[in-house]
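Below, each chain spelled out in residue letters.
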Amino acid sequence: LSLTRGDGGQNLIGNELGEALGVVRTEELLAARRIDGAEQYFTRAYDFGFSKSAEETWTHWPHDTLLGDVVKVVRAFKPQVIVAVFSGTPADGHGQHQASGILAREAYDAAGDTQRFPVARYGDAWTPLKFYRTRTYWNHQGATYRYNSGEYSPLLGRSYAEIASLSRSQHRSQGFGQVLPKGAMIGSLKREASRVNEATPAEQEKGIFDGIDTTVARLAGAVPAAQLRELTDAIAAARASVDLAAPDRMVAPLARVVRAEDAAIASAGGKDADAARSLETLHGRASRALALAAGVEVDALAEREVVGVGDSAKVTVTVYDRGRTPVSADLAALKEPGVKPSPLGRQDATDWTVAPDSATLWTFPLRAEAPSAPWWLTKGLAGDVFALPASGMPESADSTPAAVTVNVQIAGARVALTRPVAYRYADPARGEVRHPLVAAPAISITLDRTAEYAPANAPLDRSVRVSLRSASDVPRTATVSLALPAGLTADSASRTVSLPASGSASVTFRLRGRLAAGRHTIAATATSDGRTYASGYESIAYEHIRPQRLYHDATLEVQAVDVKVPAALTVAYFPGVGDDVAPSLAQLGLRVTVLDPAALRTADLSRYQTVVVGTRFFEAHPELKPAAARLLDHARAGGTVVVQYGQYEMAEPGLLPFPVTYARPADRVTVESAPVKVLDPSSPLLASPNRITDADFAGWIQDRTLYMPRTIDPRYATPLETHDPGEPANDGVILVAPVGTGTYVYTTLAFFRQLPNGVPGAARLFVNLLSAKPSAARKPAGVPVSSRGTSLDRAGERGQETGISGMRNREGRR
């Protein structure tokens, strides 16, 4: 169970941030679960970004709402044991991690409380029996139970640690790729609470299920004795029959287990929650084992990947018998609120016999009723919690757009096999690729970007491209129009385009005029067959995850900003991680050339006045660290270098011109509205070409700064200071140093979030960094930091103030 989807993190593999990154990380978690076999759940919490304490986290998240979500999942899953990854204390670091540890224990205590969490809303009460917290692999302090995850499984051919490593390596957006560990891997847990086995000291436990009956014998009372005895005997016989070389010998014993479970489920009648959940789980495992042993497979393929709302796509469901036993099958159901069969084919027969080494199939049209979209995004955010759709929170995170269920009778036992409906094609390099069948609007309309800059009150001549995608199975024509803010006109009022069936097209409008300072909206619509379409989707697709579609209105927010840009300034930009800054700079009128990261080794940097390195560049490209010397060479030759924040690797010799050190965890300012003070009112960096004031730090999102150095070489000038409430002053905002005849700038400000979202002050300040000259690296002479702070608006009224010398350590300024 993850409280969030990781929306507030950063992205090592693409430019998706915010809700789009949450979609990527959701799919990465599901990809990991497909490897390790676990079930994945989420609450409605939105990851609003790094927080430093649980107390800060609760100012964003409604505590009781999220506890209710956790209780609901616990009651649905009905675990005997709950394991919390985090301690629920400041030792966890991230405030959201602390909240996770707190909610885990609260749910253990509260899941059985039907007064606080009524059954009608949260499901039948459930009382977990034991509660553990994990210890780290490198620190077993307080552990009561140790285990070896490096234990080798001859059946799987891997250790459990290797499986975990493969699973964790799916989290590519976080850079969690790992080598496969071999040998002993000792992990540990601490038993914190138990409702069973209490007389046994926690340190003497031999396993986390000590004191818990994990056999079907515990179902006595819920299942009649004769049926329970038959189920017990059937399970024992199936285990004794295991023969991986001749799996057909396992068919009859496994079929006996399935039949015994059917009888037990019918007798229990769902009255006992433990019995119902246990029998359901056991039935699913035995059914999958029986299908594998019998060589039965079900496949469901659609003729295309996207079907338009109101249209139908042909789906073929095939049952393969690759074993030695004849089976019979019937198409039972299709699951998905957005699509439905219309009608099912071959309804004239209930069962179809499938002989060994043969197959039978059904073909039917599938009609799309509503677009397929991530359910948690359908209603948007209510504060920092996703709003629930009318259908409520799904029990499963795996919202497969469409799936079919086939009942297959094997050796007298009926099993239900559910498979997602997929579109399949052959990729010349990757082989077979499958994408889920999805429903989409007949026409989706999008703009290339959702936010842009424009210089305020200056002539604007810009093209806006409108893209159309058709999910219709017939050709269409569409008329595209733009709604423009005051001050802009388009070269035509509308354009008509032809869309082939399931095809795409685009039209480009040329806009001219001027925009007053402020935020302005451009909206696009497409009209076809009497209907108007005003939204579309962006595709999120990577090889390691299933593709998803993120819907939004076809609007472009243009932030017209009062900014002065040096006419002759030329910029080379090396993109970093999750970095969409370069296009924003071009929109301001800067001449920007985006270079491939590897070009840092060979590019002629002398062609550019300023060279910019994106955030976490050297973390993403460690092989390029030796090439950082070329940045210093560019500065020595009179150029300007602007490097955006990295992580701890920036303390490595050679990456920065002068040394810095970091605390662990690193200093950062997570309150985006934290005041920013001037330490050097005379700094040209705050005056040219744009006069920076307090207003320039209004409207920032999520973070002020990240990974600020704790000690800073005195050769750097540090014109600004900021800190979170209650924390010491921190001047690691911008570091400026003269290098040769040029200037080196290192900044920890979160420009990678601000610029793509059109924050005006961030644009003005970044242009100043790009324009920095050696004079910006001048340090005022020495006055203690505590007496230097002044507001940005008053900076121009103050005389020169002095700084401190020597390596600076903010801990000494408390």
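If you're wondering where the values come from, they're calculated on a predicted model, not measured in any experiment.

Calculation criteria
Residues numbered from 1 in each chain as written. Predicted model: local features only at pLDDT ≥ 70, side-chain atom pairs only at ≥ 80, totals over all residues. Heavy atoms only, no water. Phe/Tyr/Trp six-rings, centres within 6.5 Å; stacked < 30°, edge-to-face > 60°. Lys NZ or Arg CZ within 6 Å of the ring centre and 35° of its normal. Axes fitted to C-alpha atoms, helices over the stretch in contact; angles between N-to-C directions. Helix = DSSP H or I, 4+ residues; strand = E, 2+ residues; numbered from the N terminus. Parallel < 35°, antiparallel > 145°, perpendicular 65-115°, else oblique. Left-handed = near helix turned anticlockwise from the far one by under 90°. Contact = heavy atoms within 4.5 Å. Nonpolar A, V, L, I, M, F, W, Y, C, P; charged D, E, K, R; others polar. Pairing = 2+ DSSP bridges.

With that settled, consider the packing of aromatic side chains. For the structure shown, the criterion picks out 19 aromatic pairs. What links up through ring pairs into an aromatic cluster is the set Tyr645, Tyr648, Tyr662, Tyr707 and Phe752. Positioned above the aromatic ring of Trp376 is the side chain of Arg5, whose terminal nitrogen or guanidinium carbon lies 3.5 Å from the ring centre. Looking at Arg105, its charged tip hangs above the ring of Phe131, at a distance of 5.7 Å from the centre.

Now for the packing of helix H7 (residues 225–240) against helix H8 (residues 251–268). Between H7 and H8, the least distance of the axes is 9 Å, while the angle of their chain directions is 155°. One finds that H7 runs roughly antiparallel with respect to H8. Every pair of crossing elements has a handedness; the one defined by H7 and H8 is left-handed. Contact residues: Gln227, Glu230, Leu231, Asp233, Ala234, Ile235, Ala237 and Ala238 in H7; Pro253, Leu254, Arg256, Val257, Ala260, Glu261, Ala263, Ala264 and Ser267 in H8. Taken together, the residues of the contact of H7 with H8 break down into eleven nonpolar, two polar and four charged.

Here we take up the sheet that holds strand E1 (residues 81–84). Pairing in this open sheet of four strands is mixed, and the strands run E1-E2-E6-E3 from one edge to the other. Two strands bound the open sheet, and with one partner strand each, they are E1 and strand E3 (145–148). Averaged over all adjacent pairs, the angle separating strand axes in this sheet is 30°, with direction ignored. Both E3 and strand E6 (residues 186–194) contribute to a ladder of four bridges, which runs antiparallel. Its bridge partner lying in E6, Tyr147 is registered against Gly187. Strand contacts of helix H4 (residues 95–110): E1, strand E2 (130–134) and E6, with the helix running at about 170° to E2, the strand carrying the most contacts.

Strand order in the open sheet made by the six strands is E34-E33-E35-E36-E44-E43, with mixed pairing throughout. Every other strand in the sheet has two partners, leaving strand E34 (591–594) and strand E43 (734–739) as the edge strands with one partner each. Recorded for the sheet is a direction-independent mean angle of 20° between the axes of neighbouring strands. Of the strand pairs in this sheet, E43 and strand E44 (residues 742–747) are connected by six bridges, and their pairing is antiparallel. Considered in E44, the bridge of Leu735 is made with Tyr746. Running over the sheet, helix H14 (residues 760–770) touches strand E33 (570–574), strand E35 (610–613), strand E36 (640–644), E43 and E44 and is turned about 135° from E36.

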